[in-house]
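Now for the letters of each chain:
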Amino acid sequence: MTVRPRKQLHLAALPYAGEGSGADWAGSRVRSQIEFAPFERLARTAERGLFDFLLLADELRLREHRGRIHDLDVAGRPEPVTVLAALAAVTERIGLAATADATFNEPYELACRLATLDHLSGGRAAWNVATSQDVCTGGNFRRGDSLGVLDRVGRHERAAESVETARELWDSWTPDGVARPFAHRGRHFDIAGEFGVPRPPQGHPVVIQAGDSPADREFAASAADVVLARHRTPEAGREFYADVKGRLARYGRAPEDLRILPGATFVLGDTAAEAQERAFEMRRQQISPQLALHALERIWGTDLSSYDPDGPLPDIDPVTGPEREGPPDLTDLTGPTSPIGPIGLADPTALAEEWRALSRAKGLSIRGTVIEASGRQSFIGTPEAVAVELDEFVRTGAADGFVLVPHPAPDGLGEFVDRVVPLLQERGVYRTEYTGTKLRSHLGLPHPVWKG
Amino acid sequence: MTASHGRGLLHLAAALDQQEVYDAAPYEEAARLAERGGLDFVTLGDTFARPGPDALAVLSRVAPATRRIGLVPTVTTTHTEPFQVQAAVATLDWVSRGRAGWRIDVSTTEGEARLFGRRHAAAADALWQEAGEVADAAARLWDSWEDGAEIRDVPSGRFVDRDMLHPVDFEGADFSVKGPSTVPRPPQGHPVRVVDATEGSARQVAARHADVALVRVAGPAQAAAVRAELRSTAQEFGRDPDTLRVLGSLAVDLGGGEHAAEPGHGGGGPRQTAQGPLYRGGPVDLAELIAAWHQAGAVDGFHLTPIEPLRDLERLVNGTVALLQHRGLFRTFYPGSTLREHLGLARPANRYAVTGGTS
């Protein structure tokens, strides 16, 4: 009797959670979110756990809140490609994924830097294609001044054309190392010449994309190798998974040409109760009284500093219209791994009403409400329970794997690697060694055909 | 002319450039060799005009494989985003624990402009003017976080003290940057800025913004003249000229290791070629040349580009440098750990920091 092979899980690591991770970095022994040593430790740990890749986020401006720099969360990050190039020296197999913005950067330069990273790492580079949402970011960039800021559709188009252009550049050298001239004329770029770097070892560095809008899903289906999903429940995951995988055929792609990896957090304990207790304690650390008020101000769009975080929610309605301070919508509260998210994309008034109802029903303070209403750790339990749950997600078509955000960041990953990875291996759903040297091989992605 | 014109410590640097090399090992090997010789820093060129890897990424890859030597990639300013350039250079400083430099250069050709499609080629003067603005904006962004702005104060929940973060609101002729930077102030305060000051249009930028100026000249008298000009211009910009190191930049061909310099090379000196001044001869004679120029006060040291990368670098380190060390003219160990310390340059004060109650 032949045993049908179990569907394999893919794992990646992201050292920064969303808001609230300040507690991790402030409290941990790391003491720096910028020095090289913590990144090196994380990369080595993830490689010990046979992860597919390590992903670094970028940052194009410091976050602001009501016109001032947001001081309650980790601020200040290193530039991803530079850190990953250094990590290539201290790791051998793990993929190195850099977030790089396609709104304010030019495809020629991005393609050069990513191709170089792929060469320096022997074929382990990935590009997480980001777009910039915020008008303020433009203040730091030439394009932001000279051309104004693109609308959402324009940003998507530009990102898609950036990827397309980068791939043309990577294909402009023949596989045996002859540079040939390229020319690209599109809506956003009109460029020509010779590309500066030979075809990368992977052919094309792996392209990663995040986002959930119909346009994001279409872009993922047409162009991405990996999608960072935000769905936390199996039902929502399955809907997204089926929808995006269903779109691939239109682009002549097979379902296994794209990996869907939701962002996820985890809390382990020797018993289920202990894990729950640790998770609650972690939430309390992450959602400080100040951060709870801050979260409320982002919804209410006004100064709430006179409120007591241990008292009831404000009975005033959120400010809408031109007097509103802060973001007009709530998208930046709902990052895939943000402890403040997901709170939906509801309008502020509806969301405030929802939170007040929750507070009344459960007798919760402001801080208690924020802890209760906002995101939770995705997987809480014993290592055995978490391993089963992760496998279930993948087996039932809700994901191909996960991008894990460790708490405390970044050293919490070691616990996962030591306690959960062996259980996944025992179940036969996770590799026991790297079988290839390139990121594409870890992800089971085909080597791109050279389009000469 | 200032009183402190005399010679200080000898500084030596080498170029790691290798044709058609894209994997890390040869760069790592060369950088470790240069570090064994105690050199101040290594450079790696970069231009969009011809093939080559991204220099900053390569030297970042080299950083964990080395411990002391300075790492100075070329990063051009014409088609790149100033905000991204300063963030990447600051990150290299973090990754290398205070060993980063930045060789500033411009892209003058229409071919390079076509790779970006945003603007046409411009005259060197205008591009260097802009490069100076980028250097200025970068320094302001490196200062936009005061040292210690990350407070990680658990009781108040504050991760940073926002009063110690500053917008730079820089307005240049062709770009503006709001700030603050997204990268906290790097270990050196300002990574070391290097400018080739041979051409007239770059010389003002070098005098104003560079910590190290490179001059490609074939004789000590010429070198001394350019050095004097750079120092006096620096002083006109309000700088202490002793904060500027001027290095003679030579290509070196040490191929005939045991032979003396070829006749016609100016009595053992370099010869001007289309590619710049070239020294061809033995490592011993090169040591003589270096010692003589330095002792004459013509230069603060040398930036040497091996013609045959690994061969000439090996002869440079094991021959020329060993001899200079033997004669007590060059360090035998690194007394400091940052590139600024190797160069004898102080860590710059932060222009935004409030000191002693005055602002």
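All values derive from a computational prediction rather than experimental measurement.

Definitions and limits used
- Residues numbered from 1 in each chain as written.
- Chains lettered and ligands numbered in written order.
- Predicted model: local features only at pLDDT ≥ 70, side-chain atom pairs only at ≥ 80, totals over all residues.
- Heavy atoms only, no water.
- Phe/Tyr/Trp six-rings, centres within 6.5 Å; stacked < 30°, edge-to-face > 60°.
- Helix = DSSP H or I, 4+ residues; strand = E, 2+ residues; numbered from the N terminus.
- Buried < 20%, exposed > 50% of the residue type's maximum accessible area, 1.4 Å probe, protein only.
- Core = buried A, V, L, I, M, F, W, Y, C linked by side-chain atoms within 4.5 Å.
- Salt bridge = Lys/Arg side-chain N within 4 Å of Asp/Glu carboxyl O.
- UniProt positions renumbered as here; feature names shortened; annotations may be inferred.
- Contact = heavy atoms within 4.5 Å.
- Polar contact = N/O pair within 3.5 Å; in protein donor to acceptor, adjacent residues only side chain to side chain.
- Axes fitted to C-alpha atoms, helices over the stretch in contact; angles between N-to-C directions.
- Parallel < 35°, antiparallel > 145°, perpendicular 65-115°, else oblique.
- Left-handed = near helix turned anticlockwise from the far one by under 90°.
- Buried area = accessible area lost by both parts, 1.4 Å probe.
- Nonpolar A, V, L, I, M, F, W, Y, C, P; charged D, E, K, R; others polar.
- Pairing = 2+ DSSP bridges.

Asker: Quick rundown of the packing of aromatic side chains? Include the residues and the values.
Answerer: Residues and elements named next belong to chain B. Under the criterion given, the structure shown has 15 aromatic pairs over all chains. When the ring of Phe48 is compared with that of Phe116, the centres are 5.0 Å apart and the planes differ by 70°; the resulting orientation is edge-to-face. Highlighted residues: Phe48 in the loop between strand S2 (41-44) and helix H2 (55-62) and Phe116 in helix H4 (residues 110-116), separated in sequence by 68 residues. Given a relative accessible area of 3%, Phe116 falls into the buried group. Ring geometry for Trp102 versus Trp142: centroids 6.2 Å apart, planes at 80°, classification edge-to-face.

Asker: Lay out the nonpolar core in plain terms, naming residues and giving numbers.
Answerer: Grouped together as the largest cluster of nonpolar side chains are 154 residues, with contacts concentrated most on Leu11, Phe51, Leu87 and Phe402 of chain A together with Leu230 of chain B. The dominant element in this core, judged by the number of residues it contributes, is helix H5 (residues 124-143) of chain B, at ten residues.

Asker: Mind laying out the pattern of salt bridges, listing which residues take part and the relevant values?
Answerer: Side-chain pairing between opposite charges can occur once the charged atoms of the two side chains come close. Residues and elements named next belong to chain A. Enumeration according to the criterion identifies 61 salt bridges over all chains in this entry. Across the pair Asp418 and Arg48 runs a salt bridge, and its minimum N-O distance is 2.6 Å. Remark: Arg48 occurs in helix H2 (residues 36-48) and Asp418 occurs in helix H14 (residues 413-419); sequence separation between them is 370 residues. We classify Asp418 as partly exposed; its relative accessible area is 45%. Owing to a relative accessible area of 47%, Arg48 belongs among the partly exposed residues under this scheme. Glu106 is the partner of Arg158 in a salt bridge, and the nearest nitrogen-oxygen pair spans 3.1 Å. Here Arg158, found in helix H6 (residues 152-170), pairs with Glu106, found in the loop between strand S5 (95-101) and helix H4 (107-120); they are 52 residues apart in sequence, far enough to count as distant. The pair Arg158 / Glu106 is uniform in exposure class, with both members buried. A cluster of three or more residues bridged by salt bridges with shared partners is formed by Asp212, Arg217, Glu218, Glu239, Asp243, Arg247 and Arg250.

Asker: Account for the UniProt feature "binding site: FMN" (unreviewed entry) in chain B, with residues named and values stated.
Answerer: Residues and elements named next belong to chain B. UniProt's feature table lists "binding site: FMN" (unreviewed entry) at Asp46 and Thr74, given in the numbering used throughout. The largest pairwise C-alpha distance within this set of annotated residues, which runs over 29 residues, is 5.3 Å, so the set is compact in three dimensions. Relative to the helices and strands, Asp46 resides in the loop between S2 and H2. Leaving out residues up to four positions away in the same chain, Asp46 has contacts with Pro53, Asp54, Ala55, Thr74 and Thr76. There is a polar contact of 3.0 Å between the side chain of Asp46 and the backbone nitrogen of Ala55. For Thr74, the contacting residues outside a window of four places in its chain are Leu44, Gly45, Asp46, Ala55, Arg103 and Asp105.

Asker: Break down the packing of H4 of chain A against H6 of chain A for me, citing the residues and quoting the values.
Answerer: Residue and element names in this part refer to chain A. Between H4 and H6, the shortest axis-to-axis distance is 9 Å and the interhelical angle comes to 55°. When the interaxial angle is binned, H4 and H6 end up oblique. You can see that H4 and H6 cross each other, and the crossing is right-handed. In this structure, H4 contributes Pro107, Tyr108, Ala111, Leu114 and Ala115 to the contact, and H6 contributes Ser162, Thr165, Ala166, Leu169 and Trp170.

Asker: Before we move on, could you go through the side chain of Thr82 of chain A and cite the residues and values that matter?
Answerer: Residues and elements named next belong to chain A. With respect to the helices, strands and loops of the structure, Thr82 is situated in helix H3 (residues 80-90). The exposure class of Thr82 is buried, given its relative accessible area of 0%. Only 2.4 Å separates the side chain of Thr82 from the side chain of Glu79, close enough to count as a polar contact.

Asker: Tell me about the interface of chain A and chain B, residues and numbers included.
Answerer: Listed per partner, the contact involves 60 residues of chain A and 60 residues of chain B. Interface area for chain A against chain B, summed over the two sides, is near 5,100 Å², with a carbon-plus-sulfur share of 58%. Seen at the junction of chain A and chain B, the total is seven salt bridges. Per-element accounting of the side of chain A that touches chain B gives the leading share, seven residues, to H3 of chain A. Of the residues in the side of chain A that touches chain B, the class split is 28 nonpolar, 14 polar and 18 charged.

Asker: Hey, could you go over helix H6 (residues 200-209) of chain B for me, with residue numbers and the actual values?
Answerer: Residues and elements named next belong to chain B. Most of H6 sits inside the fold, with seven of its ten residues counted as buried. The complete set of buried residues in H6 reads Ser201, Ala202, Arg203, Val205, Ala206, Ala207 and His209. Among the structural elements, H5, strand S9 (192-196), strand S10 (212-215) and helix H7 (220-236) are those in contact with the buried residues of H6.

Asker: If you had to explain the UniProt feature "binding site: FMN" (unreviewed entry) in chain A to someone new, which residues and values would you point to?
Answerer: Residues and elements named next belong to chain A. Those residues carrying the UniProt feature "binding site: FMN" (unreviewed entry) are Asp58, Thr99 and Ser213 in this numbering. Relative to the elements of secondary structure, Asp58 occurs in the loop between strand S2 (53-56) and strand S3 (64-65). Excluding anything up to four places from it in sequence, Asp58 contacts Arg77, Pro80, Thr99, Ala100 and Asp101. Along the chain, Thr99 turns up in strand S5. By relative accessible area, which is 7% here, Thr99 ends up buried. Each residue touching Thr99, except ones within four places of it in the same chain, is listed here: Leu55, Leu56, Ala57, Asp58, Pro80, Asn128 and Ala130.

Asker: I'd love a proper account of the pairing of S5 of chain A, names of residues and values included.
Answerer: Residues and elements named next belong to chain A. Taken across its seven residues, S5 has seven buried, putting it largely inside the fold. Residues Gly95, Ala97, Thr99 and Asp101 of S5 are buried on one face, and the alternating residues Leu96, Ala98 and Ala100, pointing to the opposite face, are buried as well. Where S2 lies against S5, four bridges are found, and the strand directions are parallel. From the neighbouring strand, Leu56 faces S5, where its bridge partner is Ala98. Pairing of S5 with strand S6 (residues 125-130), which is carried by six bridges, proceeds in the parallel orientation. Paired with Asp101 across the bridge in S6 is Ala130.

Asker: Pulling in residues and values, what's your account of the UniProt feature "domain: Luciferase-like" (unreviewed entry) in chain B?
Answerer: When the UniProt feature table is mapped onto this chain, "domain: Luciferase-like" (unreviewed entry) is found at residues 22-252 of chain B. With 38% helix and 19% strand, the stretch residues 22-252 of chain B has end C-alpha atoms that lie 23 Å from each other.

Asker: Please give an account of the pairing of strand S5 (residues 150-153) of chain B that cites residues and values.
Answerer: Relative to strand S6 (residues 158-160) of chain B, S5 of chain B is paired through two bridges, and the arrangement is antiparallel. For Glu150 of chain B, the partnering residue across the bridge sits in S6 of chain B and is Val160 of chain B.

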